[in-house]
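Coordinates in review
If you want the building blocks of each chain, they are given just below.
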Amino acid sequence: MNIIVIGSGGREHAVIKKLKESPKCGTIYALPGNGGMADDAICVPVKATDIQAIAEFAANNDIDYAVVTPDDPLVLGCVDALEKIGIPCFGPRANAAIIEGSKVFSKNLMKKYNIPTAEYETFSDAGEALKYLESAKTPIVIKADGLALGKGVIIAQNRDEACEAVRSIMEDKKFGESGNNIVIEEFMTGPEVSVLAFTDGKCVKPMVSSMDHKRALDNDEGLNTGGMGTVAPNPFYTEDVARECMDKIFIPTINAMNAEGRTFKGCLYFGLMITPNGPKVVEYNCRFGDPETQVVLPLLESDLLEIMLSVTEGTLENTEVKFADKCACCVIMASEGYPVSYKKGYPIEIDSEVKKDTFFAGAKLDGGTLVTDGGRVLGVTATADNLRDAIDGAYGKAEKIKFENAYFRHDIGARALSAGKE
Ligand code: AMP
Ligand code: GLY
């Protein structure tokens, strides 16, 4: 089978490496991919949001299957466009991708179907939002409705910060049109867990749980980023919590989407918080998480392509989704200064052994030399029988990768290691 994978990040590289293990896998094209993936896929310079160019490429290159992983092409209807020309896809149609594309939609869905989440109100008028804040408790959370590169969430510690957040999102349009509508919600506390789940709209098969580290600096300090590292499994996601999530969140969400005529097929990401009142949904994503995928897929023992095809065909129930009883850690190596400003274009030194476990994001080939080309440059993953060894393994590999201005956190997995001792 010849496959196109849409996207260019470490997540896509992890998907591609796993797909290649399948005996059914033929040529993989990454649209656009990045130079760091060139050993694993043919990179084609087509933007992930250029739906028409993606469909044209698929129609003209003997493509059998498409895997659409980033949020924006999914929300823009990439799957719908490819299906229209007869290419089966892994990923939700636009009418289901809205579960990530609009926070107003997802919050209203959870309210309507009794799925546990933070209490909230929605606003399309800044004046009304400001008036509401006069009597609201703080801290409080302000969210832009639409996609905002993962940055559309502001946690306001007091009323002044909350009012400032509303003005910057709704009046100054800090996140563009994404901020025409906002959600103001209750501040929740507790450890966060990411659960990615395969679903064909009939059954749901969760993958191994994971924990992201979103802040730029050690001890969860500094700015929010796309994610500086991950571990799996997440020790806060106990068997009891998993059971509760399945009954109160996962199955009700799949049923709710069906009831709304928006059947979700693909990977549904549940961003959860284990609050003192039980697990609650922080957010849904309509796709694999990044960098969660870089620890989850290395632990997958079953054939990823078979699973994806069964999701497309609606036969997931009969397909094995098995994970190794092991741990994984991924350390993201970024360019110093990320997520604000940073220099790029520095050569990356990496040996072939370490490269096998490396997922490239911001890298490109410059006349045959691999150089840095983004904020998050790469992620390097190790798996082991226990978390301590997985963490040490990932850091051991990171130390062997060299580029000028390399930056990484030193405490990925520390919170997971101390779980139960807090
Ligand atoms: P999101 O983009 O919705 O995942 O939000 C980014 C981060 O903001 C989450 O991973 C949480 O750490 C935090 N967050 C979002 N909503 C809430 C909430 N209601 N209470 C506390 N923290 C939140
Ligand atoms: N790691 C969070 C996300 O993929 O949105």
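Along every chain, residues carry numbers that run from 1 in the direction the sequence is written. Following the order in which they are written, the chains are lettered starting with A and the ligands numbered starting with 1. Reporting in this predicted model follows two pLDDT cut-offs: at least 70 for local features of residues, and 80 or more for side-chain atom pairs to be given and counted; totals over whole chains, interfaces and linings ignore these cut-offs and use all residues. Heavy atoms throughout the structure, all of them, feed into the side-chain values; hydrogens and water do not.

Here's the deal with the packing of helix α5 (residues 94-101) against helix α6 (residues 103-112)
To keep things clear, this is the line we draw: For helices, the fitted axis covers only the stretch in contact; all axes are lines through C-alpha atoms, and the angles between them, taken along N-to-C directions, range from 0 to 180 degrees. Numbering goes from the N terminus for both helices and strands, where a helix is a DSSP run of H or I of at least four residues and a strand is a run of E of at least two. Roughly parallel means an angle under 35 degrees; roughly antiparallel, over 145; roughly perpendicular, 65 to 115; everything else is oblique. The contact criterion used throughout is that any non-hydrogen atoms of two residues lie within 4.5 Å. For this scheme, ten residues count as nonpolar: Ala, Val, Leu, Ile, Met, Phe, Trp, Tyr, Cys and Pro. Four count as charged, namely Asp, Glu, Lys and Arg, and the remainder, Gly too, count as polar.
Packing of α5 against α6 leaves a shortest axis separation of 6 Å and a crossing angle of 90°. As judged from the angle between their axes, α5 and α6 are roughly perpendicular. Only Lys103, Phe105, Ser106 and Leu109 of α6 make contact with α5, whose side of the interface consists of Ile98, Ile99 and Gly101. The residue makeup of the contact of α5 with α6, split by class, is 4 nonpolar, 2 polar and 1 charged.

Quick word on the nonpolar core
Selection rule: Buried Ala, Val, Leu, Ile, Met, Phe, Trp, Tyr and Cys residues that are joined via side-chain atoms within 4.5 Å together make up what is termed a nonpolar core. Each residue gets one of three labels from its accessible area relative to the maximum for its type: buried under 20%, exposed over 50%, partly exposed in between, using a 1.4 Å probe on protein chains only.
One finds Ile4, Leu82 and Leu272 to be the most contacted residues of the largest nonpolar core, which totals 77 residues. Ranked by residues supplied to this core, first place goes to helix α9 (residues 239-259) with 7 residues. If near-sequence neighbours (up to four positions away) are discounted, Ile4 is found in contact with Tyr29, Leu31, Ile54, Phe57, Ala58, Ile63, Tyr65, Ala66, Val67 and Leu82. One finds Ile16, Val295, Leu299 and Leu309 within the second-largest nonpolar core, a separate group that totals 39 residues.

Remarks on the site of ligand 2
For clarity, the cut-off: The rule for a residue being near a molecule or strand is that one of its heavy atoms must lie within 4 Å of it. Whenever a nitrogen or oxygen atom comes within 3.5 Å of another N or O atom, the pair is scored as a polar contact, on the condition that within protein one atom can donate a hydrogen and the other can accept it, and that pairs from neighbouring residues in sequence are kept only if both atoms are in side chains. We get accessible surface area from the Shrake-Rupley algorithm with a probe of 1.4 Å; when it comes to residues, only the shown protein chains can shield them.
Around ligand 2 sit Asp212, Tyr269, Asn285, Arg287, Gly289, Asp290 and Glu292, and that is every residue in its neighbourhood. Contact between ligand 2 and Asp212: a nitrogen atom at 2.9 Å from a side-chain N or O atom of the residue. Within the side chain of Glu292, an N or O atom sits 2.8 Å from a nitrogen atom of ligand 2. Protein chains shield 87% of the accessible area of ligand 2, which is 200 Å² for the free molecule. Here the residues of the shell around ligand 2 are counted per class, giving 1 nonpolar, 2 polar and 4 charged.

A few points about the state of the cysteines
Stated precisely, the cut-off is as follows: A pair of cysteine sulfur atoms is labelled a disulfide when the two atoms are within 2.5 Å.
The tally for this structure, following the rule as stated, stands at 0 disulfides. Looking at Cys78, it has no disulfide partner, and the nearest cysteine sulfur is the one in Cys89, 6.7 Å off. Cys89 gets classed as buried once you look at its relative accessible area, which sits at 4%.

Description of the environment of Arg243
Within the fold, Arg243 resides in helix α9. Relative accessible area serves as the criterion here: at 48%, Arg243 is assigned to the partly exposed category. A sequence separation of 180 residues divides Arg243 from Ile63, and the C-alpha atoms of the two residues are 39 Å apart.

A few points about the sheet that holds strand β10 (residues 192-199)
Where strands meet in a sheet, backbone hydrogen bonds hold them as pairs that are either parallel or antiparallel. Put simply, the rule is: A pair of strands is considered paired only if DSSP assigns at least 2 bridges between the two.
What the 4 strands build is an open sheet, ordered β11-β10-β16-β17; its pairing is antiparallel. A single partner strand is all that each edge strand has here, and the edge strands are β11 (204-206) and β17 (278-285). For this sheet, the mean angle separating the axes of adjacent strands, direction not counted, is 35°. Pairing geometry for β10 and β11, over 3 bridges, is antiparallel. Bridge pairing links Phe198 to Lys205 in β11. Taken strand by strand, α9 contacts β10, β11, β16 (266-275) and β17, and its axis lies near 130° from that of β16.

Some words on helix α1 (residues 10-19)
Of all 10 residues in α1, 10 are buried, a share of seventy percent or more. Among the residues of α1, those classed as buried are Gly10, Arg11, Glu12, His13, Ala14, Val15, Ile16, Lys17, Lys18 and Leu19.

So, the site of ligand 1
Around ligand 1 lies a shell of 15 residues, among which Glu185, Glu186, Met188, Glu192 and Glu283 are the nearest. Contact distances for ligand 1 include 2.7 Å between a nitrogen atom and a side-chain N or O atom of Glu185. Glu192 is positioned such that a nitrogen or oxygen atom in its side chain is 2.4 Å from an oxygen atom of ligand 1. Notes on ligand 1: free accessible area 470 Å², of which the protein chains cover 90%. Where the shell around ligand 1 is concerned, the elements lending two or more residues are β7 (140-144), β8 (153-156), β9 (182-186) and β17. Per-class residue counts for the shell around ligand 1 are 8 nonpolar, no polar and 7 charged.

What about α9?
Selection criterion: Expected helix span is computed as 1.5 Å times (number of residues minus one). Axes are fitted to the seven residues ending at a residue and to the seven starting at it; the angle between these axes is taken as the bend at that residue.
Taking 1.5 Å per residue, 21 residues should reach 30 Å; α9 reaches 28 Å between its end C-alpha atoms and fits that length. The largest bend in α9 comes to about 45°, at Met246. For α9, the full list of buried residues reads Val241, Cys245, Ile249, Phe250, Pro252, Thr253, Ile254, Ala256 and Met257. For α9, the secondary structure elements touched by its buried residues are α5, α6, β10, β11, β16 and β17. Looking one or two places after α9, you find Gly261, whose phi comes out positive at around 70°.

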